[in-house]
Amino acid sequence: MSTIDPEADSLTDTLFRGFVMIIFSEIGDKTFLIAAILAMRHPRLVVFAGAFGSLLLMSLLSAEMGHFLPSLVPKQWVQIAAGVLFLVFGSKMMMEAREMKGGNDKIQEEMREAEEEIESDDAGTEGAGVLAPNGHSIPLERLEEGEAHLPNHTRNSTKMHKVAEGARNFCNLLFGPVFVQAFVLTFLGEWGDRSQIATIALGATHNVYLVTLGTVIGHTCCTALAVVGGRYVSTKISVKHVTLGGATLFLIFGVIYLYASFAISAEELPIPIASDQVSGINLT
């Protein structure tokens, strides 16, 4: 079910919005850099498959979440919410871009954070201990021998950690550790990200299949670029300019959706017809 008229919801317009939104949101993003770093350490095809599989699942979930919103909220309010959301994101990105310095200092900082996340994930999958409340690791041998004890809430979290670790080990056997690491790190990095929320807004105001296709094409291009030459690209692009372009795009989207919401409300308003005008109509 689409929330706008089929004539207005053109194929190229919806695909373009989903594609461009992803391009400006993801290039130089942390998940982009994670894929680039993993591709330098592991086979590129495997890294691409893991990252793309995660982004494909995220696009499907986000678009479907937006698709169900109109069944809960009137379409006019969905349009208004989408417009306000894009205006807020655009304004925030514009302020972030104004505070950025020229050059690639920002992307180098993102690169260091991405490397730290990868190292942390490697340590978590290869380590043989659990974290205590003070942040120090307790070897499993000490826990088994009774030399160390954990509080109840830490024990519960440890049980959940063991379940998650067991599920990940099972996936490692099926798909390989590199695929699983690329999938998990990308999914965690994208969950709650600006691009996910924007995809939900697009799915609520456009055809869900077209939104999914547009965002998937955008993610495919970004992931392929990251895997093939992400490190080189990160040294050449200006995050400031990319952020300014994304901010402008989001602001334009916000104005478009607010205008569409006002157009919907104007169409639903009844047009009063004076009684004397009706009685003055010549029926002969």
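Starting afresh in each chain, residues are numbered from 1 along the sequence in its written order. Predicted model: local features are reported for residues with pLDDT of at least 70 only, side-chain atom pairs are reported and counted for 80 or more only, and whole-chain, interface and lining totals are derived from all residues. Excluding hydrogens and water, the side-chain values take into account all heavy atoms of the structure.

Participant: Tell me about the layout of surface pockets, and please be specific about residues and values.
Facilitator: Cavities and pockets were defined on a 1 Å grid built from protein atoms only: a cavity is a group of points that admits a 1.4 Å probe but offers it no way out, a pocket is an open group of points flanked by protein on both sides within 12 Å along at least five of seven lines, and a lining residue is one with an atom within 4 Å of any such point. Grid points are joined across faces, edges and corners, and a volume is the space filled by probe spheres set on the points. As a volume, the largest pocket reaches approximately 470 Å³. S25, G28, D29, E110 and R194 are, among the 23 residues lining the largest pocket, the residues nearest its centre. For the lining of the largest pocket, the secondary structure elements donating two or more residues are α1 (11-26), α2 (30-41), α4 (75-99), α5 (105-126), α9 (194-205) and α11 (239-268). Polarity classes work like this: nonpolar for Ala, Val, Leu, Ile, Met, Phe, Trp, Tyr, Cys and Pro, charged for Asp, Glu, Lys and Arg, and polar for all others, with Gly in that last group. When its residues are assigned to classes, the lining of the largest pocket shows eight nonpolar, seven polar and eight charged. Counting from the N terminus, the helices are DSSP H or I runs at least four residues long and the strands are E runs at least two residues long.

Participant: I'd love a proper account of empty space enclosed by the protein, names of residues and values included.
Facilitator: Tallied over the entire structure, the rule returns two cavities of 30 Å³ or more. When its volume is computed, the largest cavity comes out at roughly 90 Å³. Surrounding the largest cavity, E26, T31, F32, A35, A51, L55, T186, H219, C222, T223 and A226 form its lining. If you list the elements that add at least two residues to the lining of the largest cavity, you get α2, α3 (44-68) and α10 (208-236). For the lining of the largest cavity, the leading source of residues is α10, giving four residues. Each residue belonging to the lining of the largest cavity can be placed in one class, and the counts come to six nonpolar, four polar and one charged. In this structure, the second largest cavity spans a volume of roughly 40 Å³. Lining the second largest cavity are M58, S59, S62, E190, S195, Q196, T199 and H219. Secondary structure elements with two or more residues in the lining of the second largest cavity: α3 and α9. Residues that form the lining of the second largest cavity fall into these classes: one nonpolar, six polar and one charged.

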